[in-house]
Amino acid sequence: MALVKAGVVVLDCAEPEKLAEFYREFLDGERTAASANLVEIRGADGIRLAFRRDANATPPSWPRPENSLQAHLDFLVEDLDEAERRVVGLGGRPIETKDAAGPYEERGYADPAGHSFTLRLVPPAAPKQG
């Protein structure tokens with residue numbers, strides 16, 4: 001029997017209720033727990049995120065070199081343009097980055113509290129060969 005039952009990524013921010021709502025809407029999820037200082041959501045795909053109140057939270061400055069990337073989230077999407085419209089409509093913003101190296105198309109964003117995340121295009125599955 002596994003000792004750890006689940007993992008939750010926790011983002012520190014000044015206003016956990018607002019940030020939880022951004023991700024809940026983006027991920028078509030639901031709020032699963034809330035207290036005075038922590039709000040947790042579960043996305044439609046099962047991802048679990050929590051948002052912890054930190055009145056002194058400052059957003060990372062990535063991709064600027066003076067502050068290294070501390071952590072970020074990757075979300076796999078089938079339509080980058082549609083996902084971008086949703087992110088921006090919910091209050092996120094694109095981050096200026098160079099074209100991503102590698103075989104996957106991706107775009108960087110910041111959530112309303114400044115945490116960075118990436119939308120990465122799911123490569124189309126090749127049809128099965130004979």
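Residues numbered from 1 in each chain as written. Predicted model: local features only at pLDDT ≥ 70, side-chain atom pairs only at ≥ 80, totals over all residues. Heavy atoms only, no water.

(A) Expanded view of the pattern of salt bridges. Enumeration according to the criterion identifies 11 salt bridges in this entry. Between aspartate 12 and arginine 52 there is a salt bridge, and its shortest N-O distance comes to 2.9 Å. With aspartate 12 in strand β1 (residues 9-13) and arginine 52 in strand β4 (residues 48-53), the pair connects residues that are 40 residues apart, well separated along the chain. With a shortest N-O distance of 3.9 Å, glutamate 30 and arginine 42 are connected by a salt bridge. (Salt bridge = Lys/Arg side-chain N within 4 Å of Asp/Glu carboxyl O. Helix = DSSP H or I, 4+ residues; strand = E, 2+ residues; numbered from the N terminus.)

(B) Layout of the packing of aromatic side chains. Considering all chains together, one arrives at 9 aromatic pairs under this definition. A centroid spacing of 6.0 Å and a plane angle of 65° characterise the contact between tyrosine 23 and phenylalanine 117, whose relative ring orientation is edge-to-face. With tyrosine 23 in helix α1 (residues 16-26) and phenylalanine 117 in strand β8 (residues 116-121), the pair connects residues that are 94 residues apart, well separated along the chain. For tyrosine 23, a relative accessible area of 0% gives the class buried. Arranged with centres 5.8 Å apart and planes meeting at 75°, the rings of phenylalanine 75 and phenylalanine 117 form a pair that is edge-to-face. Taken together, the residues span a long stretch of sequence, with phenylalanine 75 in strand β5 (residues 73-77) and phenylalanine 117 in strand β8 at a distance of 42 residues. Like phenylalanine 75, the residue phenylalanine 117 is buried in the burial classification. Of the aromatic side chains, those joined through ring pairs into one cluster are Phe22, Tyr23, Phe26, Phe51, Phe75, Tyr109 and Phe117. (Phe/Tyr/Trp six-rings, centres within 6.5 Å; stacked < 30°, edge-to-face > 60°. Buried < 20%, exposed > 50% of the residue type's maximum accessible area, 1.4 Å probe, protein only.)

(C) Focus on the environment of alanine 55. Within the secondary structure layout, alanine 55 lies in the loop between β4 and β5. In the structure, alanine 55 is positioned 41 residues away from alanine 14 in sequence and 4.8 Å away in space, judged by C-alpha atoms.

(D) Inspection of α1 at higher detail. Listed in full, the buried residues belonging to α1 are Pro16, Leu19, Ala20, Phe22, Tyr23 and Phe26. Along the axis of α1, the buried positions cluster into a sector of 155°, meaning they face one direction only. Residues of α1 that are buried sit in contact with β1, β3 (38-42), β4, β5, α2 (80-89) and β8. Looking at the residues trailing α1, positive phi occurs at aspartate 28, about 50°. (Arc of directions from axis to C-beta. Contact = heavy atoms within 4.5 Å.)

(E) Representation of the sheet that holds strand β7 (residues 106-110). A sheet is described by the order of its strands in space; here 4 strands give the open sequence β5-β8-β7-β6, paired in mixed fashion. Either end of the sheet is taken by a strand with one partner, and the two such strands are β5 and β6 (93-94). Where β5 lies against β8, 5 bridges are found, and the strand directions are parallel. Each residue of the ladder has a partner; that of phenylalanine 75, found in β8, is leucine 119. Its contacts with the sheet place α2 against β5, β6, β7 and β8, and it is angled at close to 155° to β8. (Pairing = 2+ DSSP bridges. Axes fitted to C-alpha atoms, helices over the stretch in contact; angles between N-to-C directions.)

(F) Highlighting the nonpolar core. In terms of nonpolar packing, the biggest core is built from 21 residues, with Tyr23, Phe51, Phe75, Phe117 and Leu119 touching the most fellow members. Among the elements of the structure, β1, α1, β3, β4, β5, α2 and β8 are those that each provide at least two residues to this core. Tallying contributions element by element places α1 first for this core, with 5 residues. The contacts of leucine 119, once residues within four sequence positions are left out, are Phe26, Phe75, Val77, Leu80, Ala83, Glu84, Val87, Glu105, Glu106, Arg107 and Tyr109. (Core = buried A, V, L, I, M, F, W, Y, C linked by side-chain atoms within 4.5 Å.)

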